[in-house]
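Examining the three-dimensional arrangement
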Amino acid sequence: MAQDRRIARTRETLHQALIDLLIESPYDSITIQQVLDRANVGRSTFYTHFKDKDDLLVAGVDNLRELLAAHRKTGDPIAFSRALFEHVHEHRKVYRAQVLTPVWPRIRQRIQDLLADLVRREYKPRRSKIPPELVAHFVASTFMSVLTWWLDRRTGLSPAEIDALFRELVTRGMGG
């Protein structure tokens with residue numbers, strides 16, 4: 001058990017070091033050595049956990065799973081949305097920096113897969129011929145489109161306002 005906590009702590013320390021550097025510098029200019037120095041971790045430890053800095057950045061998405069699980073509501077396939085918009089707003093510098101990286105498509109896909117899984121578990125079709133898998137894909141991809149638009153456009157919309165727009169888009173698509 002202690003080993004599991006040490007591993008988690010090491011992975012979190014490395015991820016936080018990369019995020020801190022990402023806020024300060026363009027992603028492409030950040031080196032593994034800078035991450036190691038910031039995290040005070042050795043090279044072999046890094047490669048025990050990650051194959052490269054892209055892998056490290058994408059692995060950070062797994063932390064979202066816990067946040068979103070805490071906001072699950074039985075029967076509500078979009079219960080995650082407000083919490084995730086608030087999380088992104090709170091960490092908007094990090095998310096905006098990630099959108100500019102060549103790794104964003106992988107991060108986006110990882111988040112979208114996570115959201116589709118949440119939707120799949122909670123969606124209960126009512127008189128619909130639309131396959132539940134398509135609904136899960138639709139909700140998750142719509143969320144990611146709205147999120148990316150919100151980050152790119154810097155609209156000034158609050159998390160509550162963008163969540164309301166997302167919910168209106170999605171509930172119409174899910175048949176009310």
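Located above this text is the structure these notes cover.
Keep in mind it's a predicted model, so treat the numbers as computed, not measured.

1. Some words on helix α2 (residues 32-39)
Among the residues making up α2, those that are buried are Ile32, Val35, Leu36 and Ala39. Across the axial projection of α2, the buried residues extend over an arc of 100°, all falling on one side. Once α2 finishes, asparagine 40 follows within two positions and takes phi at roughly 60°, a positive value.

2. Considerations on the nonpolar core
Grouped together as the largest cluster of nonpolar side chains are 54 residues, with contacts concentrated most on Leu14, Phe80, Leu115, Phe143 and Phe166. Residue contributions to this core peak at 10 residues, all from helix α9 (residues 132-153).

3. Thoughts on the environment of tryptophan 104
The residue tryptophan 104 is located in helix α8 (residues 104-122) in this model. The class for tryptophan 104 is buried, based on a relative accessible area of 7%. A sequence separation of 56 residues divides tryptophan 104 from alanine 160, and the C-alpha atoms of the two residues are 24 Å apart. Not counting residues within four places of it along the chain, the set of residues in contact with tryptophan 104 comprises Gln98, Val99, Met144 and Thr148.

4. Things to note about the packing of helix α5 (residues 62-69) against α8
In a packed pair of helices, the relevant descriptors are the angle between the two axes and the axis-to-axis distance. At a minimum axis distance of 10 Å, the contact between α5 and α8 shows a crossing angle of 30°. Judged by the inter-axis angle, α5 sits roughly parallel to α8. In terms of crossing hand, the pair formed by α5 and α8 is right-handed. Here Asp62, Leu64, Arg65 and Leu68 of α5 come into contact with α8, specifically with Arg110, Ile111, Leu114, Leu115, Asp117, Leu118 and Arg121.

5. Focus: the pattern of salt bridges
As enumerated under the stated definition, the model contains eight salt bridges in all. When the shortest N-O distance is used, the salt bridge between arginine 38 and glutamate 24 registers 2.9 Å. Taken together, the positions of arginine 38 in helix α2 and glutamate 24 in helix α1 (residues 2-24) put the pair 14 residues apart, joining distant regions of the chain. What makes glutamate 24 exposed here is its relative accessible area of 51%. A salt bridge links glutamate 168 to arginine 172; the nearest nitrogen and oxygen atoms lie 2.7 Å apart. Taken together, the residues glutamate 168 and arginine 172, both in helix α10 (residues 159-173) and four residues apart, mark about one turn of the helix. Linked through salt bridges whose partners overlap, the residues forming this network are Arg65, Asp117, Arg120, Arg121 and Glu133.

6. Thoughts on empty space enclosed by the protein
Evaluation of the coordinates by the stated rule reveals one cavity of 30 Å³ or more. Considered as a void within the structure, the largest cavity measures approximately 50 Å³ in volume. Leu68, His71, Arg72, Lys73, Asp76, Pro77, Ala79, Phe80, Leu118 and Glu122 together form the lining of the largest cavity. For the lining of the largest cavity, the class distribution of residues is five nonpolar, one polar and four charged.

7. Overview of the packing of α8 against α9
The contact between α8 and α9 brings their axes to 8 Å, and the two run at 135°. Our classification of the angle between α8 and α9 gives oblique. In the packing of α8 onto α9, the handedness of the crossing is right-handed. Of the residues in α9, those in contact with Trp104, Arg108, Ile111, Gln112, Leu115, Ala116, Val119 and Arg120 of α8 are Glu133, Val135, Ala136, His137, Val139, Ala140, Ser141, Phe143, Met144, Ser145 and Thr148.

Each value, and the rule that gives it
- Residues numbered from 1 in each chain as written.
- Predicted model: local features only at pLDDT ≥ 70, side-chain atom pairs only at ≥ 80, totals over all residues.
- Heavy atoms only, no water.
- Buried < 20%, exposed > 50% of the residue type's maximum accessible area, 1.4 Å probe, protein only.
- Helix = DSSP H or I, 4+ residues; strand = E, 2+ residues; numbered from the N terminus.
- Arc of directions from axis to C-beta.
- Core = buried A, V, L, I, M, F, W, Y, C linked by side-chain atoms within 4.5 Å.
- Contact = heavy atoms within 4.5 Å.
- Axes fitted to C-alpha atoms, helices over the stretch in contact; angles between N-to-C directions.
- Parallel < 35°, antiparallel > 145°, perpendicular 65-115°, else oblique.
- Left-handed = near helix turned anticlockwise from the far one by under 90°.
- Salt bridge = Lys/Arg side-chain N within 4 Å of Asp/Glu carboxyl O.
- 1 Å grid on protein atoms, 1.4 Å probe; cavity = no way out; pocket = protein on both sides within 12 Å on 5 of 7 lines; lining within 4 Å.
- Points joined across faces, edges and corners; volume = space filled by probe spheres on them.
- Nonpolar A, V, L, I, M, F, W, Y, C, P; charged D, E, K, R; others polar.

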